Amino acid sequence: MAEKEETLQSSFPSGRVKRIVKLDREINKVNSDALFLISNAAELFIKFLTEKSSEVAVEKKRKTIKLEHLRVAVKRHRPTADFLLDSLPVPVSAPIMPETDRSRKNNSDDKINSVPAGTRRIDSFFQK
């Protein structure tokens with residue numbers, strides 16, 4: 001009985017993975033077998049991160065995975081946290097506005113109409 005030969009393929013385009021690998025200046029050529037293994041390893045790693053982030057989102061009763069869920073998942077997995085946590089963007093918190101003089105009104109129209117001396121607004125260029 002003849003065996004069916006399965007061809008394994010990665011989900012990632014090999015050309016793009018090759019370009020990313022070649023960003024390292026010490027690497028000139030990439031073997032197709034090595035490229036396949038790198039691509040599959042990256043795919044497994046992304047699946048792992050997605051699953052762990054999804055668990056965190058479910059714990060917080062959310063349906064959408066957010067950056068904070070990914071950060072928590074990475075923090076919980078020590079080997080991943082060692083190299084990845086510093087690369088993740090820091091979550092942006094709401095800026096704290098300093099107290100201003102309450103007698104002065106913050107009118108958005110005043111901010112729009114006021115321009116520094118010697119300059120003009122760009123919309124004046126488009127007016128006839």
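The shown structure was predicted, so the numbers you read here are calculated from the model rather than taken from an experiment.

Examining the overall build of the chain
Per the secondary structure count, the chain includes six helices and zero strands. Starting at the N terminus, the α and β elements of the chain follow one another as α-α-α-α-α-α. Looking at the 128 residues of the chain, the share that counts as buried comes to 14%. Partitioning the intrachain contacts of the chain with sequence separation of at least 6 by distance along the chain shows that 29% fall at a separation of at least 24. Carbon together with sulfur atoms contributes 54% to the accessible area of the chain, which is approximately 12,000 Å² in total.

Quick notes on the packing of aromatic side chains
Considering all chains together, one arrives at one aromatic pair under this definition. Centre to centre, the rings of F45 and F83 are 5.9 Å apart; their planes meet at 35°, and the pair counts as tilted. Taken together, the residues F45 in helix α2 (residues 32–59) and F83 in helix α4 (residues 78–84) connect sequence positions 38 residues apart. Overall, the relative accessible area of 29% leaves F45 in the partly exposed class.

So, the pattern of salt bridges
Inspection of the entire model under this criterion finds four salt bridges. E43 is paired through a salt bridge with K47; the nearest N and O atoms lie 3.6 Å apart. Of this pair, E43 and K47 both sit in helix α2, four residues apart, which is roughly one turn of the helix. A relative accessible area of 14% means that E43 is categorised as buried. For K47, a relative accessible area of 46% puts it in the partly exposed group. With a closest N to O distance of 3.3 Å, R78 and D82 form a salt bridge. Of this pair, R78 and D82 both sit in helix α4, four residues apart, which is roughly one turn of the helix. On the basis of relative accessible area, R78 is assigned to the exposed category, the value being 61%.

Observations concerning the nonpolar core
Nonpolar side chains tend to gather and get buried jointly when the protein is soluble and globular. One finds L49, V74, A81, L84 and L88 forming the largest nonpolar core, which totals five residues. Discounting residues that sit within four places of it in the chain, A81 has contacts with V74 and K75.

Thoughts on α2
With 28 residues, α2 should cover 40 Å at 1.5 Å per step; its first-to-last C-alpha distance of 41 Å lies within 8% of that length. Buried within α2 we find L35, S39, E43, L49, S53, V56 and A57. In this structure, the buried side of α2 is in contact with α1 (14–21), α3 (67–76) and α4. With a side-chain oxygen positioned 3.1 Å from the backbone nitrogen of D33, the residue opening α2 is N31. K61 occupies a position one or two residues after α2 and carries a positive phi of about 60°.

Each value, and the rule that gives it
Residues numbered from 1 in each chain as written. Predicted model: local features only at pLDDT ≥ 70, side-chain atom pairs only at ≥ 80, totals over all residues. Heavy atoms only, no water. Helix = DSSP H or I, 4+ residues; strand = E, 2+ residues; numbered from the N terminus. Buried < 20%, exposed > 50% of the residue type's maximum accessible area, 1.4 Å probe, protein only. Contact = heavy atoms within 4.5 Å. Areas by Shrake-Rupley, 256 points an atom, 1.4 Å probe, with all protein chains shown as cover. Phe/Tyr/Trp six-rings, centres within 6.5 Å; stacked < 30°, edge-to-face > 60°. Salt bridge = Lys/Arg side-chain N within 4 Å of Asp/Glu carboxyl O. Core = buried A, V, L, I, M, F, W, Y, C linked by side-chain atoms within 4.5 Å. Expected span 1.5 Å × (residues − 1). Polar contact = N/O pair within 3.5 Å; in protein donor to acceptor, adjacent residues only side chain to side chain.

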